[in-house]
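Here's the letter readout for the chains.
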Amino acid sequence: MYLGAHMPITGGVDKAVERIMSIKGTALQIFTRNQRQWKAKPLEEEVITNFKTLRKQWGGYPVSVHDSYLINLASPKHESVEKSVRSFATELGRTESLGIEYLVTHPGSHLGTGKDEGIKRYVENLDRAIDLSGTTAVTILIENTAGQGTNLGSAFSELADIIEGSTHKERLGVCFDTCHAFAAGYDLRSPAGCEAVFAEFDRLVGIDKIRFFHLNDCKEALGANKDRHEHIGKGQIGLEGFRYIMTDSRFSGLPKVIETPKDDDPQFELDRMNLKLLRSLCE
């Protein structure tokens with residue numbers, strides 16, 4: 001079972017490995033930089049070496065990087081999209097330099113120009129960024145979204161269009177976020193609901209495209225299109241949906257991380273609580 005959490009990188013990306021080890025997690029997600037700033041200091045060789053050494057000591061468990069929230073490859077604004085292409089290419093390079101296998105990214109926002117035009121721009125600019133990066137080893141995971149504002153990727157059909165339209169489709173997969181799916185109107189509250197949701201995903205995208213899970217409960221109602229994460233079992237999804245995902249044999253070997261509230265707890269007790277609860281659903 002690969003189960004863990006998104007961990008802070010305060011003090012260096014290598015520190016995130018120490019933090020996930022401290023709560024006995026077996027999967028990890030990190031940022032490689034301040035996700036709310038365009039400029040990023042290059043990764044130091046010592047930090048890269050320490051990260052790889054600690055990861056090996058940890059057990060070599062699965063790791064993903066989440067890219068910057070500022071990146072919008074679907075933007076119709078020339079200056080913004082060019083900055084986004086360069087930034088995403090750099091993020092791919094940073095991920096590959098760390099030996100990390102996955103880069104999770106949101107499909108961006110069309111900013112009022114319509115979903116079809118937004119998806120077309122996103123695919124073109126994603127392909128440009130991949131080519132610019134010169135990377136070959138990183139799998140890019142398109143994350144489904146909650147459907148806030150003009151954001152793309154809340155409908156499974158949009159994820160399918162992105163993957164199918166790319167010239168690098170062999171490098172693309174999906175990171176499935178439970179909170180986002182529920183907020184977008186996909187009912188994960190019961191086994192029957194989950195069966196229907198994942199059957200639709202399989203029909204439109206292909207269940208094999210799911211490579212990673214974000215397990216988050218949702219504060220808001222079904223279809224509210226609001227991205228507000230809650231602790232496992234404390235939100236609107238409830239435990240049965242998570243039990244389904246945790247025990248479905250199709251997902252048993254896939255990495256799963258929580259992005260639930262941490263409340264500035266340096267000991268990560270809330271993460272321990274959520275992971276313990278998720279493990280108990282398999283008993």
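Here is a short report on the structure shown in this document. (Residues numbered from 1 in each chain as written. Predicted model: local features only at pLDDT ≥ 70, side-chain atom pairs only at ≥ 80, totals over all residues. Heavy atoms only, no water.)

A separate point is the layout of surface pockets. Space inside the largest pocket adds up to approximately 660 Å³. In terms of lining residues, the largest pocket is bounded by 28 residues, among which Arg36, His66, Tyr69, His106 and Asp227 are the most central. In the lining of the largest pocket, the residues fall into five nonpolar, 17 polar and six charged. By volume, the second largest pocket amounts to about 320 Å³. Taken together, 21 residues line the second largest pocket, and the ones lying closest to its centre are Ile9, Val13, Thr32, Arg33 and Arg94. Classifying every residue of the lining of the second largest pocket by side-chain character gives nine nonpolar, seven polar and five charged. (1 Å grid on protein atoms, 1.4 Å probe; cavity = no way out; pocket = protein on both sides within 12 Å on 5 of 7 lines; lining within 4 Å. Points joined across faces, edges and corners; volume = space filled by probe spheres on them. Nonpolar A, V, L, I, M, F, W, Y, C, P; charged D, E, K, R; others polar.)

Now for the packing of helix H7 (residues 191–204) against helix H8 (residues 239–247). Interhelical geometry of H7 versus H8 gives an angle of 55 degrees and a closest axis separation of 9 Å. For the element pair H7 / H8, the angle class is oblique. Between H7 and H8 lies a crossing whose hand is right-handed. Contacts between H7 and H8 involve Pro191, Cys194, Glu195 and Phe198 on the former and, on the latter, Glu240, Gly241, Tyr244 and Ile245. (Axes fitted to C-alpha atoms, helices over the stretch in contact; angles between N-to-C directions. Helix = DSSP H or I, 4+ residues; strand = E, 2+ residues; numbered from the N terminus. Parallel < 35°, antiparallel > 145°, perpendicular 65-115°, else oblique. Left-handed = near helix turned anticlockwise from the far one by under 90°. Contact = heavy atoms within 4.5 Å.)

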